[in-house]
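Observations on the three-dimensional arrangement
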Amino acid sequence: MADSFAISTYPDVPRILSDLDSLIRQPIRRLRPAALERYLDEYFEKTCSRSKSMIDEAKNYIPGGVQHNLAFNYPFPLVFTKAAGPYLYDLDGHRYFDFLQAGGPTILGSNPPEVLNQVLDLLKTCGPSTGLFNEYELKLARFIADHMPAVPMFRMLGSGTEGCMAAIRVARLATGRKNVVKMGGAYHGWSDQLAYGLRIPGSRHFEAHGVPKHVFKYTQEFFPGDLDALERVLRRNRLGGGTAAVMIEPLGPESGTRPVAKDFNSGVRRLCDKFGALLIFDEVVTGFRVGLSGAQGYFGVEPDLTVFGKVVAGGYPSAGGLGGKREYMKYLAAGIEAGSKKALIGGTMAANPLSSAAGFFTLTEIERTRASEKAGVIGDRLTAGIQASLKRRNLPFVAFNQGSICHLQTVGTMHFSIDFNKFWQIPGKMKEIKARKTVMEEMGAAYMAEGIVTLAGSRLYASAAYTEAMVDEAVGAFDRVFANIEGALT
Ligand SMILES: Cc1ncc(COP(=O)(O)O)c(C=O)c1O
């Protein structure tokens, strides 16, 4: 089948970056105090009391009251009881448009019956795990290989974090080198070595509390989208034993929150070839959201290794893996083979029948219904609607999308950076970012009160479960929030 992609038009990257530059130079625009008070009092206090009391109790047993970082919402997390298609439902009986989509995996929408029924059948026959081979491991790996020419082999793991760890281990074994270069600001899971340059390019180890600094001896970052900066790091590394791998998210850090030029990935490929480093694509978000051949198919660039997560288990648990060329994947072969070096990886629950089957049935359903492309059309409509509302209300906020991955920057926290040579700027910048984050949390609360669940108030994942009418309704809800921003035209 011909490839189809979620991205109809590649975003105008220079314009977006310039709009974001302009956004962060301006004073913060926040909700009018009376409007915020109204949302907090009339919605959260008066109508979310069952969630509030459950979270209050949970705080006694769970640090912060919730287990998942993305569930930690202002003024207090809500308790969700049902997810279906484009909707979420909370304990107090409210219905929301779901643009969090479980953090990305549910391209089909939540809990699609086509997958659920298959999963139920499987659970009835073999249960969720056996620790032994099941047919869906093969079916899933074959499906991926059929759609991604650079991934003839796939090893399933428990999470995207594990996939990134495995990728680095394989790259070091294959090249005999130690250095790993990542794009500043990108999140590649929470392993020690990659807790570097998180969110804010140039921030180095600053957010890696609890990780000894020496762990980063062989991790470097380069400024997002800057091929010259990457080349400088690679050249420097040549003096220090060379580079094992360059790891990037192909759309740019944080799922393209800071987008990169369309020819950036081919430039990285060229540099990797020049310096003998492996190219690792972290396709945890883009893998199948951009299309069934991933962002690598969209950009026409073949990485050596590809990290998978999220939708690879269809929104079911244990979603992760590493795929790539045979010459590298051989380091992940299970079993004992005397004399050959292996990268140690594992996981009791990795590739269990439940996650492999859920992943396989989800991907086949995405293919059957062209869901990635459909979700992209929804993302386009949502973004265009939000952009029109921002324009009408004369607000400097920045909205853009890469298919079904939509970004709505109201404070631009993700656009800050730290000059790589001026580390003394770090504390001051972090303080400003913290102040802006507070405002972003307020925005997230207002969206929630208007019936919209977002990812941290700044990212919106669209799914194929939306209709155009639903999107227009959601845009109306965003517009009601924007009407309450200080200085907005009414
Ligand atoms: C690009 C990227 N890589 C890696 C990860 C880590 O994946 P996981 O949460 O499954 O460990 C994430 C998670 O959001 C991600 O977005």
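Before reading further, recall that the structure is shown in the block above.
Residues numbered from 1 in each chain as written. Predicted model: local features only at pLDDT ≥ 70, side-chain atom pairs only at ≥ 80, totals over all residues. Heavy atoms only, no water.

Below, the discussion takes up the packing of aromatic side chains. Under the criterion given, the structure shown has 22 aromatic pairs. Ring plane angle 35 degrees and centroid distance 6.5 Å describe the contact between Phe97 and Phe99, whose orientation is recorded as tilted. Judged by relative accessible area, Phe99 falls into the buried class, the value being 0%. A ring pair is formed by Tyr136 and Phe361, whose centres lie 5.2 Å apart and whose planes are at 55 degrees; its orientation type is tilted. Here Phe361 lies in helix α12 (residues 353–369) and Tyr136 lies in helix α5 (residues 135–147), a separation of 225 residues in the sequence. Comparing Tyr136 with Phe361 shows no difference in burial state: the two are buried. Counting every residue linked through ring pairs, the aromatic cluster contains Tyr87, Tyr89, Phe97, Phe99 and Tyr466. Above the plane of the ring of Tyr89 lies Lys82, whose end atom (NZ or CZ) is 4.7 Å from the centre. In this structure, Arg95 is placed above the aromatic ring of Tyr87, and the distance from its NZ or CZ to the ring centre is 3.9 Å. (Phe/Tyr/Trp six-rings, centres within 6.5 Å; stacked < 30°, edge-to-face > 60°. Buried < 20%, exposed > 50% of the residue type's maximum accessible area, 1.4 Å probe, protein only. Helix = DSSP H or I, 4+ residues; strand = E, 2+ residues; numbered from the N terminus. Lys NZ or Arg CZ within 6 Å of the ring centre and 35° of its normal.)

Let's shift gears to the pairing of strand β5 (residues 179–183). For β5, a buried count of 5 out of 5 residues is recorded, marking the element as mostly surrounded by other parts of the structure. In β5, alternate side chains face the same way, and those of Asn179, Val181 and Met183 on one face and Val180 and Lys182 on the other are all buried. Sheet topology places β5 next to strand β7 (residues 243–248); 4 bridges connect them, and they run parallel. Within β7, the residue paired with Asn179 across the bridge is Thr243. Here β5 pairs with strand β6 (residues 219–222) via 4 bridges, running parallel. Paired with Met183 across the strands is Phe222, a residue of β6. (Pairing = 2+ DSSP bridges.)

Turning next to the pattern of salt bridges. Per the stated rule, a full pass over the model turns up 23 salt bridges. Taking the shortest distance from any N to any O, the salt bridge between Glu45 and Lys52 comes out at 3.6 Å. The exposure class assigned to Lys52 is partly exposed, which follows from its relative accessible area of 27%. Connected through shared salt-bridge partners, Arg269, Asp273, Asp304 and Lys325 make up one network. (Salt bridge = Lys/Arg side-chain N within 4 Å of Asp/Glu carboxyl O.)

The tendency in soluble globular proteins is for nonpolar side chains to be buried as a group. Counting residues in hydrophobic clusters, the biggest one holds 81 residues, and the most contacted among them are Phe44, Phe222, Val246, Phe478 and Phe482. Looking at this core, the element that brings in the most residues is helix α15 (residues 468–482), giving 8 residues. Leaving out residues up to four positions away in the same chain, Phe478 has contacts with Phe99, Leu382, Ile386, Leu408, Tyr447, Ile452, Thr454 and Leu460. Among the nonpolar cores identified, the runner-up in size contains 32 residues, and Leu108, Val311, Ala313 and Ala357 belong to it. (Core = buried A, V, L, I, M, F, W, Y, C linked by side-chain atoms within 4.5 Å. Contact = heavy atoms within 4.5 Å.)

To continue, consider the side chain of Ser404. Tracing the sequence through the fold places Ser404 in the loop between β11 (398–402) and β12 (405–409). The buried category is assigned to Ser404, whose relative accessible area is 1%. Among the polar contacts made by the side chain of Ser404, one reaches the side chain of Arg289 at a distance of 2.9 Å. With residues up to four places along the chain from it excluded, the contact list for Ser404 reads Ala6, Arg289, Ala375, Gly376, Gly379, Leu460, Tyr461 and Ala462. (Polar contact = N/O pair within 3.5 Å; in protein donor to acceptor, adjacent residues only side chain to side chain.)

Moving on, we come to the packing of helix α7 (residues 227–239) against helix α9 (residues 264–275). Geometry of a packed helix pair, given as the angle between the helix axes and the separation of the axes. For the pair α7 and α9, the least separation of the axes is 10 Å and the interaxial angle reads 15 degrees. Between α7 and α9, the angle falls in the class roughly parallel. Note that α7 runs across α9; the crossing there is right-handed. From α7, Leu227, Leu230, Glu231, Leu234, Arg235 and Arg238 reach across to α9, where they touch Phe264, Gly267, Val268, Arg270, Leu271, Lys274 and Phe275. When the residues that make up the contact of α7 with α9 are grouped by side-chain class, the tally is 7 nonpolar, 1 polar and 5 charged. (Axes fitted to C-alpha atoms, helices over the stretch in contact; angles between N-to-C directions. Parallel < 35°, antiparallel > 145°, perpendicular 65-115°, else oblique. Left-handed = near helix turned anticlockwise from the far one by under 90°. Nonpolar A, V, L, I, M, F, W, Y, C, P; charged D, E, K, R; others polar.)

Along the chain, Leu251 turns up in the loop between β7 and α8 (253–256). For Leu251, a relative accessible area of 0% gives the class buried. Separated by 34 residues in the primary sequence, Leu251 and Val285 place their C-alpha atoms 9.6 Å from one another.

This next bit is on the sheet that holds β12. Strand order in the open sheet formed by 3 strands is β11-β12-β14, with antiparallel pairing between adjacent strands. Only two strands of the sheet have a single neighbouring strand rather than two, namely β11 and β14 (459–461). Each strand axis lies, on average, 15 degrees off the axis of its neighbour in the sheet, ignoring direction. With 5 bridges joining them, β11 and β12 adopt antiparallel strand pairing. Its bridge partner lying in β12, Phe400 is registered against His407.

As summarised here, the arrangement of the 4 strands in space is β1-β2-β3-β13, forming an open sheet in which the pairing is mixed. The sheet is open, and its two borders are formed by β1 (80–84) and β13 (452–453), each paired with just one other strand. Across 2 bridges, strand β3 (residues 95–98) lies against β13 in parallel orientation. Across the sheet, residue Phe97 finds its bridge partner in β13, namely Ile452. In the packing of α15 onto the sheet, contacts are made with β2 (87–90), β3 and β13, and the angle to β3 comes to roughly 105 degrees.

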